[in-house]
Amino acid sequence: MITETVFGVLDGREIPLLTLRDGPVSVELIPLGAAVRAICVPDREGRTVDVCLGYDTPAEYREWNSALGGTLGRCANRIGGARFTIGGAEYRLTANEGANTLHGGAEGFHKKLWDYAVGADGVVFSLDSPDGDEGFPGNLHAEVAYTLRDGVLTMAYRAACDRDTVVNLSNHTYFNLAGHDAGTIAGHRVTLGAGRYTPSGAGNVPTGEIAPVDGTPLDLRQGALLEERLEDPFLEGTRGYDHNFVLDGGETPAAEVHCPATGIALEVRTTLEGMQFYTSGFLTDRPGKGGAQYGRASGLCLETQRFPDAVNHPAFPSPVLRAGEEYRQTTSWRFFVK
């Protein structure tokens, strides 16, 4: 079941709120950033809990940083030096995080107003990004289709371009399985299906190395409570987790997160090879939905993706989308109680 109401007004235009419902689970979407605004699921007592950080007005999604719930593009995460080369041609991008490009530039996809179409079982958002948008080459058409079935929210990404370009689409939802207004996520238990990661240097840009997680707080293969790890000196520079993990793939989920307080759990699966696990160490204090206050460690992100700065590291899987080819990737979130 899908309903459409008015979320608010931005630049004189009404912004709709699209709600997907399947049994006790509901998901709110908005076309501004093709963003997830709310995810309501039952806890172990059957009470409804909204586990997704968000805002009350369209203007807040445009004005605040941090891309709450938004679709990231053209290239999620960082491109070092705000430049890359394809076919001998160098492209210079908008540098919006020091000398680097983060999440597509100053006006990444999470800040754009997408078109949308409501179908029988979901919503498809679409966006046309012109040649030169934030410095990226080619006229790109991108889509993200959301479907909700049996407690699973699936995001199917598609893109095509008339020139060789870089495409790396992701989602930047901040989860707090105790409730979006519950404060810190320190009590969550996190398990990641990743035995390796990509170490980073200045600006949290990868060095090009792929290293094992063994013997570090990045080893979450057996699961750990975040409160036992977040203050580890290894994580001091990133104020908690803000690392790209090399996913094991196969039948292994990318991640499982569990909140013992509510019993709510989340399983992440994806066709992508990487995932940025971020515990919002740099989230500045701000107002959230319904009078909530958000800040450091208020939520955690599980950003399935190509590796950061992959276009500048030949040893990484390539994020280049060739003209005439189609980008297709899928990520799903399954909510349950344990």
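These numbers were taken from a predicted model, which means no experiment stands behind them. (Residues numbered from 1 in each chain as written. Predicted model: local features only at pLDDT ≥ 70, side-chain atom pairs only at ≥ 80, totals over all residues. Heavy atoms only, no water.)

Turning next to the side chain of Lys 111. The residue Lys 111 is located in the loop between strand 10 (101-102) and strand 11 (115-118) in this model. Nearest to the buried, unbridged Lys 111 among oppositely charged side chains is Glu 107, at 5.1 Å. Setting aside residues up to four positions removed in sequence, Lys 111 forms contacts with Leu 32, Arg 62, Trp 64 and Ala 106. (Helix = DSSP H or I, 4+ residues; strand = E, 2+ residues; numbered from the N terminus. Buried < 20%, exposed > 50% of the residue type's maximum accessible area, 1.4 Å probe, protein only. Lys, Arg positive; Asp, Glu negative; His and termini not counted. Salt bridge = Lys/Arg side-chain N within 4 Å of Asp/Glu carboxyl O. Contact = heavy atoms within 4.5 Å.)

Let us now look at the packing of aromatic side chains. Tallying each qualifying case throughout the model produces twelve aromatic pairs. Measuring from centroid to centroid gives 5.2 Å for Phe 307 and Phe 316, while their planes differ by 85°, and the two rings are edge-to-face. Classification of Phe 307 by relative accessible area gives buried; the value is 4%. Relative accessible area serves as the criterion here: at 4%, Phe 316 is assigned to the buried category. (Phe/Tyr/Trp six-rings, centres within 6.5 Å; stacked < 30°, edge-to-face > 60°.)

This next bit is on the sheet that holds strand 19 (residues 211-212). Strand order in this open sheet of five strands is 19-18-21-24-27, and the pairing throughout is antiparallel. Edge positions in the sheet fall to strand 19 and strand 27 (301-305), since each of these pairs with one other strand and no more. Here five bridges tie strand 21 (residues 242-246) to strand 24 (residues 274-278), and the two strands are oriented antiparallel to one another. Bridge assignment links Asp 242 to a residue of strand 24, and that residue is Tyr 278. (Pairing = 2+ DSSP bridges.)

You can see Arg 74 is positioned in the loop between strand 6 (71-72) and strand 7 (78-79). Distance in space between the C-alpha atoms of Arg 74 and Gly 105 is 8.6 Å, their sequence separation being 31 residues. Within the local environment of Arg 74, its side chain forms a polar contact with the side chain of Thr 165, the two groups lying 3.2 Å apart. (Polar contact = N/O pair within 3.5 Å; in protein donor to acceptor, adjacent residues only side chain to side chain.)

With that settled, consider the sheet that holds strand 13 (residues 140-149). Reading across from one edge, 11-12-13-14-29-23-22-17-20 is the order of the nine strands in this open sheet, with antiparallel pairing throughout. Each edge of the sheet is formed by a strand with only one pairing partner; in this case those strands are strand 11 and strand 20 (224-225). Two elements, strand 23 (residues 264-270) and strand 29 (residues 326-337), share seven bridges in a ladder whose sense is antiparallel. Within the sheet, the bridge partner assigned to Val 268 lies in strand 29 and is Trp 333.

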